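So the chains spell out like this:
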Amino acid sequence: MLKPRTTATRELVNLDGLWRFAVDQPSVPQPWRAALDGGTEAAVPSSYNDLFVDPEIRDHVGWVWYQRTVRVPRGWAGERILVRVDAATHTGRIYAGDTLVAEHQGGYTPFDADVTDLVVAGEEFRLTIGVSNELTNVTIPPGSITVTQDGRRSQKYLHDFYNYAGLARSVWLYSVPRTRITDLTVVTDVDGAAGTVDYSVETSSPAEIRVRLRDETGAVVATGEGANGRLRVEDAVLWRPGAAYLYRLEAELLDGDVLLDSYPLDVGIRTVEVRGTRFLINGEPFYFTGFGKHEDSPVRGKGHDDAYLVHDFQLLNWVGANSFRTSHYPYAEEVLEFADRHGIVVVDETAAVGLNLAVTGGLTGVGAKPTFSPETFGDETQAAHAQHIRELVARDKNHPSVVMWCLANEPASHEEGARKYFEPLVSLVRSLDPTRPVTYSVVMFATFRNDKIADLFDVLSLNRYYGWYLDNGDLASAERNLEAELRGWAEQFGKPLVMAEYGADAMPGLRSVWDIPWTEDYQQSFLAMCHRVFDRIDAVTGEHVWNFADFATGPGIHRVDGNRKGVFTRDRKPKSAAHELRARWRGLTSGGKR
């Protein structure tokens with residue numbers, strides 16, 4: 001799905017701001033048919049949970065409703081008019097007046113609705129968006145709903161971050177021509193000093209197609225005609241980690257000399273491949289340094305915020321990070337565009353977190369039920385997962401910053417049924433995009449001895465917490481056990497190993513001269529221990545600390561006002577560990593060697 005843009009043939013109206021808001025009530029079975037009652041307003045974009053002090057809203061399970069009046073620009077007569085929702089967590093519905101015009105399952109990918117036949121240029125219409133936060137065994141991510149003894153519905157889920165809900169990203173009204181570009185795909189390569197850009201243009205109906213590629217000065221460096229072709233750029237400037245360079249591809253539809261539609265796309269020329277135990281960008285070894293992150297901030301919840309976007313990237317640069325993983329869902333497109341422009345490498349992850357009933361068994365890794373079965377996560381779950389992968393690749397396939405797809409976080413890859421579940425999904429993502437490596441983040445229960453899907457993937461991303469969940473407070477034992485396991489993975493599979501998660505909780509200001517868990521000092525010593533191990537194992541090709549910043553979670557006795565594994569506090573103040581990382585990462589080469 002192409003992101004809406006303002007061009008010579010397209011216009012765009014941002015609908016962010018304060019919307020009327022209401023929680024679903026049995027007494028109002030069709031709230032979209034009239035103005036919402038109650039006078040409550042909610043900010044878009046934001047999660048609604050932390051905006052209000054009423055626990056009936058924060059803890060609500062089910063539908064909520066956003067509504068506003070929208071005026072269609074008078075110059076849009078004769079155009080197709082659409083409403084786009086960048087994300088509705090986790091199910092969304094769009095109503096134009098009394099009419100349902102779109103419904104979408106999945107909280108982190110966009111959807112739109114054509115409202116042309118229901119609105120009039122120059123006039124107003126009532127726009128209502130319903131959002132449901134319900135998760136079940138056939139959603140991605142999964143969950144379950146129970147009913148308490150007093151009749152309240154309670155949402156249970158298997159991911160360790162708060163189930164924020166609502167319209168966390170922007171809403172748009174936009175126009176497109178009747179004959180228009182519907183999709184655009186680019187694949188880049190390097191041929192000596194030259195770069196190549198293979199392009200494919202899809203249209204709503206046949207038309208003459210012309211493309212131009214401009215460099216950052218605006219000069220045209222290549223041209224092409226037709227729906228498919230290859231552009232060659234002599235002496236190309238490559239997109240590199242830490243040194244982004246973006247060309248601009250301009251695609252145009254023509255009827256003779258009449259411009260029917262145009263769409264611009266930023267293009268970074270670069271290659272990505274796995275060779276042995278090395279991850280290569282532009283043929284050069286790349287060593288990942290950075291974090292698993294979250295879209296999470298006070299009050300806004302998962303609401304996208306450009307100020308936090310800029311500041312977080314400043315902190316990534318300050319600490320010496322060159323990359324991050326979009327744990328555990330696709331982030332806002334603005335984040336990837338920013339990474340494109342600033343040379344930050346991204347591992348793009350699906351929202352498939354929680355496909356692991358073994359977590360209910362604690363550290364034993366033995367769940368009450370098998371994870372993969374018709375009664376738990378079966379064919380319907382897999383179909384939802386596959387659709388999510390299609391939408392993720394369709395949205396993010398052209399971003400040069402995205403160098404790898406991560407299909408799931410901590411699935412039960414050690415259980416029977418894992419291969420039957422994942423093998424078709426790996427084949428699917430490779431068919432959609434054969435140019436990027438594929439990975440998954442491996443839970444601690446799955447080892448090199450019992451994992452059933454590791455051979456399907458290009459890179460093995462390991463989540464390991466020796467020194468925290470295991471060997472807590474005993475860093476000497478943690479060091480031995482971590483090294484033994486990493487060597488086992490390296491010897492068994494001969495693939496790149498990326499430490500996708502490692503970390504320890506730390507309360508800001510809690511200090512000790514001894515190795516006391518929850519202190520800033522222990523977190524710092526924990527990271528130093530892990531780094532010694534990584535440096536001794538050649539197959540380790542990256543390290544992503546869990547987590548960039550403290551974040552909100554559901555209630556739990558092992559959490560103190562959320563997850564405290566952040567290297568920065570939730571309001572982005574550095575802990576001692578941030579300085580430990582800064583000293584290390586700024587001393588590493590791009591290949592990960594000191």
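Summary of the structure given here.

How each quantity is defined
- Counting restarts for each chain, with residues numbered from 1 along the sequence as it is written.
- A pLDDT threshold of at least 70 governs which residues receive local features in this predicted model, and a stricter bar of 80 or more applies before side-chain atom pairs are shown or counted, although totals over entire chains, interfaces and linings include all residues.
- The side-chain numbers reported here are obtained from all heavy atoms of the structure, hydrogens and water having been left aside.
- Burial classes follow relative accessibility: with a 1.4 Å probe on protein chains only, a residue under 20% of its type's maximum area counts as buried, one over 50% as exposed, and anything between as partly exposed.
- Strands here are runs of E lasting at least two residues and helices are runs of H or I lasting at least four, both read from the DSSP assignment and numbered beginning at the N terminus.
- Patches here: salt-bridge-free residues with over 30% relative accessible area, like charges joined within 9 Å, nonpolar side chains (Val, Leu, Ile, Met, Phe, Trp, Tyr) joined within 5 Å.
- Using a 1.4 Å probe, accessible areas were evaluated by the Shrake-Rupley method; residue-level cover was limited to the displayed protein chains.
- Here, a salt bridge means any Lys or Arg side-chain nitrogen found within 4 Å of an Asp or Glu carboxyl oxygen.
- In these notes, a set of buried Ala, Val, Leu, Ile, Met, Phe, Trp, Tyr and Cys residues joined through side-chain atoms within 4.5 Å is what counts as a nonpolar core.
- Residue contacts are counted whenever heavy atoms from the two residues lie within 4.5 Å of one another.
- The pairing test for Phe, Tyr and Trp rings, Trp by its six-membered ring, is centres within 6.5 Å, and the orientation test on the planes gives stacked under 30 degrees, edge-to-face over 60, and tilted for anything in between.
- Note: two strands are recorded as paired if DSSP finds a minimum of 2 bridges between them.
- Only the contacting stretch of a helix is used when fitting its axis, a line to C-alpha atoms as for every element, and angles between N-to-C directions run 0 to 180 degrees.
- The criterion for a disulfide is a pair of cysteine sulfur atoms lying within 2.5 Å.
- Polar contact criterion, stated in full: a pair of N or O atoms within 3.5 Å, where within protein one must be able to donate a hydrogen and the other to accept it, and residues adjacent in sequence count only if both atoms are side-chain atoms.

## Quick word on helix α3 (residues 333-342)
Item 1. Burial analysis of α3 places 8 of its 10 residues in the buried class, which makes it a mostly covered element.
Item 2. Looking at α3, one finds that the buried residues are Glu333, Glu334, Val335, Leu336, Glu337, Phe338, Ala339 and Asp340.
Item 3. Once α3 ends, the next one or two residues include glycine 343, with phi positive near 75 degrees.

## Things to note about a nonpolar patch on the surface
Item 1. Where nonpolar side chains cluster on the molecular surface, the patch consists of Val513, Trp514 and Ile516 and spans about 380 Å² of accessible area.
Item 2. Looking at where valine 513 falls in the secondary structure, it is placed in the loop between β29 (497-501) and α7 (520-536).
Item 3. Relative accessible area serves as the criterion here: at 76%, valine 513 is assigned to the exposed category.

## Points about the nonpolar core
Item 1. Within the largest apolar cluster, 94 residues are counted, with the highest numbers of intra-cluster contacts made by Phe291 and Phe526.
Item 2. Once residues lying within four places of it in the same chain are set aside, the contact partners of phenylalanine 526 are Tyr466, Gly467, Trp468, Leu475, Tyr502, Gly503 and Ala504.
Item 3. If you look at the next biggest cluster of nonpolar residues, it comprises 33 residues, including Ala113, Val119, Leu127 and Leu167.

## A few points about the packing of aromatic side chains
The relative placement of two aromatic rings is captured by the distance of their centres and the angle of their planes.
Item 1. Tallying each qualifying case throughout the model produces 32 aromatic pairs.
Item 2. With a centroid separation of 4.5 Å and 15 degrees between ring planes, the pair formed by tyrosine 108 and tyrosine 329 is classed as stacked. Of this pair, tyrosine 108 sits in the loop between β7 (99-105) and β8 (111-114) while tyrosine 329 sits in the loop between β24 (323-325) and α3, placing them 221 residues apart in sequence.
Item 3. Judged by relative accessible area, tyrosine 329 falls into the buried class, the value being 0%.
Item 4. Summarising the aromatic geometry, the rings of phenylalanine 313 and phenylalanine 324 are spaced 5.9 Å apart at their centres and angled 90 degrees between planes, so their arrangement reads as edge-to-face. Placement of the pair is phenylalanine 313 in helix α2 (residues 306-319) and phenylalanine 324 in strand β24, with a sequence separation of 11 residues.

## Some words on the pairing of strand β19 (residues 258-267)
Item 1. When strand β18 (residues 247-255) meets β19, the two strands line up antiparallel, connected through 9 bridges. Counted as the bridge partner of leucine 254 is leucine 259 from β19.
Item 2. Two successive antiparallel strands, β18 and β19, enclose a turn made up of 2 residues, where glycine 256 displays a positive phi of approximately 70 degrees.

## Quick word on the pattern of salt bridges
Item 1. For the structure shown, the criterion picks out 54 salt bridges.
Item 2. A network of salt bridges, in which partner residues are shared, links Arg210, Arg212, Arg214, Glu250 and Glu252.

## Some details on the sheet that holds strand β5 (residues 80-85)
Item 1. Strand order in the open sheet made by the 4 strands is β1-β12-β5-β8, with antiparallel pairing throughout. The open sheet has two edge strands with one neighbour each: β1 (11-14) and β8. Sheet twist, expressed as the mean angle between neighbouring strand axes with direction ignored, is 20 degrees.

## What about the state of the cysteines?
Item 1. Enumeration over the complete set of coordinates arrives at 0 disulfides.
Item 2. Not part of a disulfide, cysteine 406 finds its nearest cysteine sulfur in cysteine 530, a span of 19 Å.
Item 3. Among the residues examined, cysteine 530 registers a relative accessible area of 1% and is labelled buried.

## A closer look at the environment of lysine 156
Item 1. Summarising the element assignment, lysine 156 is placed in strand β11 (residues 153-157).
Item 2. A residue is classified by how much of its surface remains accessible, and lysine 156, at 43% relative accessible area, is partly exposed.
Item 3. Put simply, lysine 156 and glycine 556 are 400 residues apart on the chain and 12 Å apart in space, counted from C-alpha to C-alpha.
Item 4. With near-sequence residues (within four places) excluded, lysine 156 lies in contact with Gly143, Ser144 and Thr146.

## So, the side chain of threonine 350
Item 1. Tracing the sequence through the fold places threonine 350 in the loop between β25 (345-349) and α4 (379-396).
Item 2. A polar side-chain atom of threonine 350 sits 3.1 Å from the main-chain amide nitrogen of alanine 352.
Item 3. A polar atom in the side chain of threonine 350 sits 2.7 Å from the backbone oxygen of leucine 407.
Item 4. Non-local contacts of threonine 350, meaning those with residues more than four positions away in its chain, are made with His328, Tyr329, Pro330, His385, His388, Ile389, Leu392, Cys406, Leu407 and Ala408.

## Observations concerning the environment of serine 170
Item 1. Along the chain, the position of serine 170 falls in the loop between β11 and β12 (171-176).
Item 2. Sequence separation of serine 170 and alanine 552 is 382 residues, and the distance between their C-alpha atoms is 22 Å.
Item 3. Beyond its immediate sequence surroundings of up to four residues, serine 170 is in contact with Asn14, Asp16, Pro45, Arg84, Val85 and Asp86.
Item 4. A distance of 2.7 Å separates a polar atom in the side chain of serine 170 from a polar atom in the side chain of aspartate 16.

## As for the sheet that holds strand β15 (residues 208-214)
Item 1. An order of β16-β15-β18-β19 is seen for the 4 strands of this open sheet, with the pairing classed as antiparallel. At either margin of the open sheet sits one strand with a lone partner, and together these are β16 (220-225) and β19. When strand polarity is set aside, the average angle formed by the axes of neighbouring strands in this sheet is 20 degrees.

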